[in-house]
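So you can see what is in the structure, the chains are spelled out below.
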Amino acid sequence: MSKVVIIGTGTMGVGIAAGFLAYGAKTIILGRDQAKADGTFKAIEAYADAVDPKWRDLGGQLIGGTIAAWNDWADTDLVVETVSERMDLKIALFADLDKRVPAHVPIGSNSSGFPISNIAKGLTTANRMFNAHYFMPAHVVPLVEIVLGEKSDPTLAEKVCDFYRAHGKKPVLVKKDIPGFLANRIQHALMREALSLVQEGIATPEDIDTAVRYSFGFRYAAVGPMTQKEISGWEGMTLAAEVIYPSLSNIAAPPACVMDLVKAGKSGIAKGEGFKKWPTDEAARVKKNYEIRLKAAFDVLKIAPDET
């Protein structure tokens, strides 16, 4: 049985723990106090049910503890930090883990914004520290970005990738901790163009959603953008790029159409309004459909699976 320690009891920690539990791992979740850790169990088990209703047959265990008191590191395969996105907090935690966790155990940070090079700077065992970046909802989305810092050991990183593959994830190895890592850089390139099109009055948010979902977005559940162009041929892409690239947005900050919303507190469904108003019943329906479709997309990925 594999053994994983998740540090942090928030949404990401719960989802990450569920992903491991669903694959039969001995899963330890640590919080600031015992009640915080124990309070996650119901949600973790429910998320594990969503991944595999038969996970209990695999013998996985769910254990709660406190960050300060936990000392059972024997046979631990991986530690993943998911605490609040505060640099000072992460630096202090990793300095503590540097001393407490046996030096052969890899430690990952789920931070999406802070490079592991900065979090682990000056630590004796920085070679076994990586970014291990998940995407919400962590128990459903298969991708985990394993990002090398300045001191990270590439060989150990490959082993961490293998460990994730054995637990149902699709890891990618990012060889340098540039801002945004890999997937978010691609995602933000798309969002910069989409928001610019809204700002310039060329398309509505609704039409952008439709254009992406029912064209190239629809195809990407089958293959990624690089393979899709291998199939269709690069000649047409390069010819079109010569015309399109010069007109693409290169703004260095989000445009007014979205910044004005954020400044007004209209940041999306959680606030009841973003580019449109979100009545409670409609918001619940959209979020439910989102999760149903994500699960269906995950099932699609299992059809004719990649050999690698």
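None of these values were measured; they are calculated from a predicted model.

A. Molecular detail of the overall build of the protein. Looking only at helices and strands, the protein features 13 helices and eight strands. For the protein, the C-alpha radius of gyration of 21 Å lies close to 19 Å, the compact-globule estimate for 308 residues. Seen through its C-alpha atoms, the protein measures out along the principal axes to roughly 60 × 45 × 45 Å. Counting across all 308 residues of the protein, residues that qualify as buried make up 39%. Put simply, 64% of the contacts in the protein that link residues at least 6 apart link residues at least 24 apart. Summed over all atoms, the accessible surface of the protein reaches about 17,600 Å², with 58% contributed by carbon and sulfur. If the 36 positive side-chain charges of the protein are averaged to one point and the 36 negative ones to another, these points end up 3 Å apart.

B. Inspection of the pattern of salt bridges at higher detail. Taken as a whole, this structure holds twelve salt bridges when the rule is applied. Where Arg56 meets Asp49, a salt bridge forms, and the shortest distance between an N and an O atom there is 2.8 Å. As a salt-bridge pair, Lys90 and Glu81 come within 2.4 Å of each other at their nearest N and O atoms. Through salt bridges with shared partners, a single ionic network connects Glu81, Glu85 and Lys90.

C. Structural context of the side chain of Thr76. Secondary-structure assignment places Thr76 in the loop between β3 (61-66) and β4 (78-81). Side-chain polar atoms of Thr76 contact the backbone oxygen of Trp73, separated by 2.9 Å.

D. Fine view of the sheet that holds strand β2 (residues 26-31). The mixed open sheet is built from eight strands, whose spatial order is β3-β2-β1-β4-β5-β6-β7-β8. Single-partner strands in this sheet number two, and they are β3 and β8 (170-174). The mean angle between the axes of side-by-side strands here comes to 25 degrees, regardless of whether they run parallel or antiparallel. One ladder, built from three bridges, connects β4 with strand β5 (residues 107-109); its direction is parallel. Residue pairing for β5: Glu81 is matched across the bridge by Ser109.

E. Seen up close, the nonpolar core. Within the largest apolar cluster, 32 residues are counted, with the highest numbers of intra-cluster contacts made by Phe20, Ile44, Tyr134, Ile146 and Tyr164. The set of elements that each furnish at least two residues to this core consists of β1 (3-7), α1 (11-21), α3 (41-51), β4, β6 (129-134), β7 (143-147) and α6 (154-166). Here the element with the most residues in this core is α1; it accounts for seven residues. Excluding its chain neighbours within four sequence positions, the residues that come into contact with Tyr134 are Met12, Ile16, Phe20, Asn110, Leu143, Val144, Tyr164 and Lys169.

F. Here's a closer look at the packing of helix α7 (residues 183-199) against helix α12 (residues 256-263). With their axes 8 Å apart at the nearest point, α7 and α12 run at an angle of 90 degrees to one another. Regarding the angle of α7 to α12, the classification is roughly perpendicular. For the pair α7 and α12, contact is made by Leu195, Val198 and Gln199 and by Ala256, Cys257 and Val258, respectively. Residues that form the contact of α7 with α12 fall into these classes: five nonpolar, one polar and no charged.

Rules used in this analysis
Residues numbered from 1 in each chain as written. Predicted model: local features only at pLDDT ≥ 70, side-chain atom pairs only at ≥ 80, totals over all residues. Heavy atoms only, no water. Helix = DSSP H or I, 4+ residues; strand = E, 2+ residues; numbered from the N terminus. Rg over C-alpha atoms; globule rule 2.2 N^0.38 Å. Buried < 20%, exposed > 50% of the residue type's maximum accessible area, 1.4 Å probe, protein only. Contact = heavy atoms within 4.5 Å. Areas by Shrake-Rupley, 256 points an atom, 1.4 Å probe, with all protein chains shown as cover. Lys, Arg positive; Asp, Glu negative; His and termini not counted. Charge placed at Lys NZ, Arg CZ, Asp CG, Glu CD. Salt bridge = Lys/Arg side-chain N within 4 Å of Asp/Glu carboxyl O. Polar contact = N/O pair within 3.5 Å; in protein donor to acceptor, adjacent residues only side chain to side chain. Pairing = 2+ DSSP bridges. Axes fitted to C-alpha atoms, helices over the stretch in contact; angles between N-to-C directions. Core = buried A, V, L, I, M, F, W, Y, C linked by side-chain atoms within 4.5 Å. Parallel < 35°, antiparallel > 145°, perpendicular 65-115°, else oblique. Nonpolar A, V, L, I, M, F, W, Y, C, P; charged D, E, K, R; others polar.

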